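# A look at the structure
Listed below, chain by chain, are the residues.
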Amino acid sequence: QTCALPILKSTVEPLEGNKVKLSVEVEDAEFAKDIDAAFRKLANEVRLPGFRPGKAPRKILEARIGLAPAREQALRDGRLDISVSRRDIDDGEIVSRLLWRDPVVAVLPRGHRLAGRKSIALVDLRDDLFVFLRLDSSWFAQRVHDACIDAGFVPQITQQVVEVPATVNLVAAGLGVSLVPASLAGLRGDEVALCRVRDPLPPGDVHVLRHARETQAAVLEFASELERWARHLPSVSSLRPTRAKPA
């Protein structure tokens, strides 16, 4: 993410071919101010038990909905210039461009009965406990939940978190199975097993977001440069399912 701030730390490094490398640094404290402002605005819209509208502290609100909604709100308010998100938003106010495809895979604990398979059907997990992103704050989690229902079962959710890395950590700890984007599924390496899922699942694709009325040349060029960079990334869809090493 980049903040719309009047003063930034920057360095210019000369390169060959009459080019320069420009590095820009935003202080964490300044970025935090923009996110705090976004959370204050969201606090008036999100209803939490025990708190009047607009009175819920940021820590409690963030624990419920995560950081992504605040980043999106800051982008809408003009406090951020660019954000990277798994939401494909194109609503006239925000536009998104695809950076890379990120298929969803099943993440299983080491030693799970299905860990040795290359692919599974969703219904194969009907008797398992699931670790999920919070259903009340994640459109992605809700769509995964709906996919399970379409496959003929209601997932037994034992833990709900607000960030995908936490989901993978809980699976590695043996607290359940999960369905997450492939690029994040391997965060714990040999501590989990990955399997392709044959059923239709919502994509975990990654997009760069900017305001539809953005006119700053630096912002538009940076967004284009992100797209060019992403085209050279190895395809996530080529990742092979993995089998965890025996305990």
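Because the structure is predicted, anything quoted here is derived from the model rather than measured.

This paragraph deals with the overall build of the chain. Within the chain, the regular secondary structure consists of 7 helices and 12 strands. In the chain, which comprises 247 residues, the share counted as buried stands at 38%. For the chain, contacts bridging at least 24 residues in sequence account for 70% of all contacts bridging at least 6. With an accessible surface of roughly 14200 Å², the chain has 51% of that area assigned to carbon and sulfur atoms.

The next subject is helix H7 (residues 217-230). Given a rise of 1.5 Å per residue, 14 residues ought to cover 20 Å, and the 20 Å separating the end C-alpha atoms of H7 matches this to within 8%. Of all the residues in H7, the buried ones are Val 219, Ala 223, Leu 226, Glu 227 and Ala 230. Down the axis of H7, the buried side of the element spans an arc of 95°, and every buried residue falls inside it. Turned more than 90 degrees away from the buried face of H7 sit Ala 217 and Ala 218, all of them exposed. Turning to H7, the residues buried within the fold contact strand E4 (80-85), strand E5 (94-100) and strand E12 (206-211).

With that settled, consider the sheet that holds strand E11 (residues 192-197). Pairing is mixed across the open sheet formed by 4 strands, whose spatial order is E7-E11-E6-E10. The open sheet has two edge strands with one neighbour each: strand E7 (119-120) and strand E10 (178-181). Where E7 and E11 come together, 2 bridges link them in parallel fashion. Bridging from a neighbouring strand, Ser 119 pairs with Arg 196 of E11.

To continue, consider helix H3 (residues 68-76). Here H3 has its buried residues at Ala 70, Glu 72, Gln 73, Ala 74, Leu 75 and Arg 76. Among the residues trailing H3, Gly 78 stands out with phi positive, at a value near 80°.

If you trace the backbone, Arg 143 turns up in helix H4 (residues 139-150). Taking the relative accessible area as the measure of exposure, Arg 143 reaches 39% and is therefore partly exposed. Taking the C-alpha atoms as reference points, Arg 143 and Leu 201, separated by 58 residues in sequence, lie 7.9 Å from one another. Dropping the residues within four chain positions of it, Arg 143 is found in contact with Pro 202 and Pro 203.

Now for the layout of surface pockets. A volume near 820 Å³ is recorded for the largest pocket. Counting residues per element, the ones that place at least two in the lining of the largest pocket are H3, E4, H4, helix H6 (182-185) and E12. Per-element accounting of the lining of the largest pocket gives the leading share, 6 residues, to H3. Of the residues in the lining of the largest pocket, the class split is 15 nonpolar, 8 polar and 7 charged.

Among the structural elements, Gln 73 can be located in helix H3. On the accessibility criterion, Gln 73 (11% relative accessible area) is buried. The residues touching Gln 73, leaving out its near neighbours within four places in the chain, are Ala 38, Lys 41 and Leu 42.

Calculation notes
Residues numbered from 1 in each chain as written. Predicted model: local features only at pLDDT ≥ 70, side-chain atom pairs only at ≥ 80, totals over all residues. Heavy atoms only, no water. Helix = DSSP H or I, 4+ residues; strand = E, 2+ residues; numbered from the N terminus. Buried < 20%, exposed > 50% of the residue type's maximum accessible area, 1.4 Å probe, protein only. Contact = heavy atoms within 4.5 Å. Areas by Shrake-Rupley, 256 points an atom, 1.4 Å probe, with all protein chains shown as cover. Expected span 1.5 Å × (residues − 1). Arc of directions from axis to C-beta. Pairing = 2+ DSSP bridges. 1 Å grid on protein atoms, 1.4 Å probe; cavity = no way out; pocket = protein on both sides within 12 Å on 5 of 7 lines; lining within 4 Å. Points joined across faces, edges and corners; volume = space filled by probe spheres on them. Nonpolar A, V, L, I, M, F, W, Y, C, P; charged D, E, K, R; others polar.

Without other data, these values stay purely geometric and don't point to any function.
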